[in-house]
Structures are given as structure tokens and as C-alpha cells.
Amino acid sequence: MKLSEAVSGFDSYSRRARIYPAMLAVLPVALISTLLTTNKPLVALSPILLSAGTLFLASNIVRVLGQRTQQRLIVTWDGMPTTKLLRFREAQNSVMLQRRRQALEALFSAPLPTRRQEAANPQKADEAYIAATRCLITHVRSRPGQFPLIDHENATYGFARNLLGVKPLALVVLTASVAADAAIYLRDGLTGPLVVVGGLHLALVAVWFFFIRPAWVRQAAETYAERLLEALDLPPDRAMNEQDGSGDQTPSLSGE
């Protein structure tokens, strides 16, 4: 079974945000199997490893690990980026805040907390903002294809969050792979394939340690939050045209 055929049964979000992180986590082992061994056991096992059931299980494991990571990150961020963008105390543009709150109240069919109510009970206010944001997410999802940039940023955030979630597992796999590189070096000396695979492993070490970090995930989450709330700026009849990139828009946070 080809890899493209195995992943074709998953939607775009699942492929980008769940399957790809799982593949990156086991990539070091795949490199060793395909380039350094003669028997290539993964090739023989590929029909099983690439079966829809195995990939579905992997995608759900990645999803759970990503959600656990998200819960920890939300605590350090003092709330979801979408929630922070709706708070009076963190507003950077009062005019835009008021306009978006009015649009969200109309969509949510309920008033959002006032400035005084938010100051008196910030936790309760945040709960209202979270509920209203989920209503907005449902609104966007019910119109597939109308908000492609939101879908893109949502998948980008999910990819970043889930990669951070599987990072501990990926580092274990990578450590074992580097140890295998060393064992092969002691057995066969410095060969061409070992140089290639060893170099790729070192590159992966750099990526996992220096790039896949909470700050990167936060940036992706904030970009998604901005894009999601931009849906409130657009009249319904202009949403599709503006969101497909024809408008001058500047590039949030779901529980997926």
C-alpha cells in the first residue's frame, strides 16, 4: 500500500494536524530501516503500518497528546488567545473590540460581559467568551469552503500543538535512532548511507529542540485566533470573497 493511498481516507485537517506529526515522530526509525539495513523490515511491514486502522489509531493518540498539551499551555498563557482578544483589559484596539463583540453577541444571541462585569468576575467573563467563541467556531464550520484561511490557520495550529504533544515520544525515538547510528558505525565504519542518515538525524535533533517549542505553538494559536475573529468583520455575503484572499486581510483555537 502506498502512503498516499493510506492517508487519502483522512480529511485535510487530520492529515496535516495529526498524521503528519505522527510520521515525523517515527521518521528516524524509517530512515534507518530504508537506508541502513539490508532486510528493510519496515518495507515488509508497510501494509500493516500504513493500514487505515493503524493510522487512525496514531492520529487519535496524537490528538489526545495534543489536547493535553493545549490544556497545559492555556494555563501558562492565562487563557486561550481567542478569549484574550475579547477581554476589555487586554484590548489593543477598543473600536475593533466593540465591533467584534457586537457581532459576536448577535451570533451568540446573548450579551457578553460588560467591562464592569469582567472586572468584577474575570473567570465568569472568560467562560462567557469561551462559549461565544465555540458558537463562532460552529458557525464557521457549518460553512465549509467559505473561510479557507481560517481552515488553514486552524490546521497550522493543530500541527504545531500536536507536534509539541508528541515531542517527548519523538525524542525517545530519535535518541534510540542516534544510538543505532553509533552501533552501525562501530560495526561498519563511516559509510555513505550512515553519513546521510546521521546527518538527517542531527537535523531532526535541531528541529525538535530549537524549533518545536511552546513559543512556536503560541504564535500559531494567536494567528488562528486573529483569523477566526476576522470572520466577525465580514458581512455574510462577502465572507467567501474576502476569506479566499481577494481582500486585504492580515493573517485561532479549537479543541480538535
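Presented here is a report on the structure given in the accompanying data block.

What counts and what doesn't
- Residues numbered from 1 in each chain as written.
- Predicted model: local features only at pLDDT ≥ 70, side-chain atom pairs only at ≥ 80, totals over all residues.
- Heavy atoms only, no water.
- Helix = DSSP H or I, 4+ residues; strand = E, 2+ residues; numbered from the N terminus.
- Expected span 1.5 Å × (residues − 1).
- Buried < 20%, exposed > 50% of the residue type's maximum accessible area, 1.4 Å probe, protein only.
- Arc of directions from axis to C-beta.
- Contact = heavy atoms within 4.5 Å.
- Axes fitted to C-alpha atoms, helices over the stretch in contact; angles between N-to-C directions.
- Parallel < 35°, antiparallel > 145°, perpendicular 65-115°, else oblique.
- Left-handed = near helix turned anticlockwise from the far one by under 90°.
- Salt bridge = Lys/Arg side-chain N within 4 Å of Asp/Glu carboxyl O.

**Some thoughts on helix 8 (residues 122-141)**
Every α-helix carries 3.6 residues per turn, so stepping three or four residues along brings you back to the same face. For helix 8, which comprises 20 residues, the first-to-last C-alpha distance of 28 Å matches the rise-based estimate of 28 Å (1.5 Å per residue) to within 8%. If you check which residues of helix 8 are buried, you get A125, D126, Y129, A132, T133, L136, I137 and V140. When helix 8 is viewed along its axis, its buried side chains cluster within an angular range of 150° and face the same direction. Those residues of helix 8 that are exposed and angled more than 90 degrees off the buried face are Q123, K124, R134 and T138. Those residues of helix 8 that are buried lie in contact with helix 5 (81-86), helix 6 (94-108), helix 7 (115-120), helix 9 (148-188) and helix 11 (214-230).

**Quick look at the packing of helix 9 against helix 10 (residues 192-210)**
Contact geometry of helix 9 with helix 10 gives a least axis separation of 10 Å together with a crossing angle of 155°. Comparing the axis directions of helix 9 and helix 10 gives the class roughly antiparallel. Every pair of crossing elements has a handedness; the one defined by helix 9 and helix 10 is left-handed. On helix 10, the residues touching L163, V166, K167, A170, L171, L174, S177, V178, D181, I184 and Y185 of helix 9 are L194, V197, G198, H201, L204, V205, W208 and F209.

**Notes on the pattern of salt bridges**
Where side chains of opposite charge bring their charged atoms close, a pairing between them can arise. On inspection of all chains with the given rule, the structure shows twelve salt bridges. A salt bridge links K84 to E90, with the nearest nitrogen and oxygen atoms 3.1 Å apart. The buried category is assigned to K84, whose relative accessible area is 16%. A salt bridge links D126 to R89; its shortest N-O distance comes to 4.0 Å. With D126 in helix 8 and R89 in the loop between helix 5 and helix 6, this residue pair connects regions lying 37 residues apart in the sequence. The buried category is assigned to D126, whose relative accessible area is 14%. Residue R89 is classed as partly exposed on the basis of its relative accessible area, which comes to 44%.

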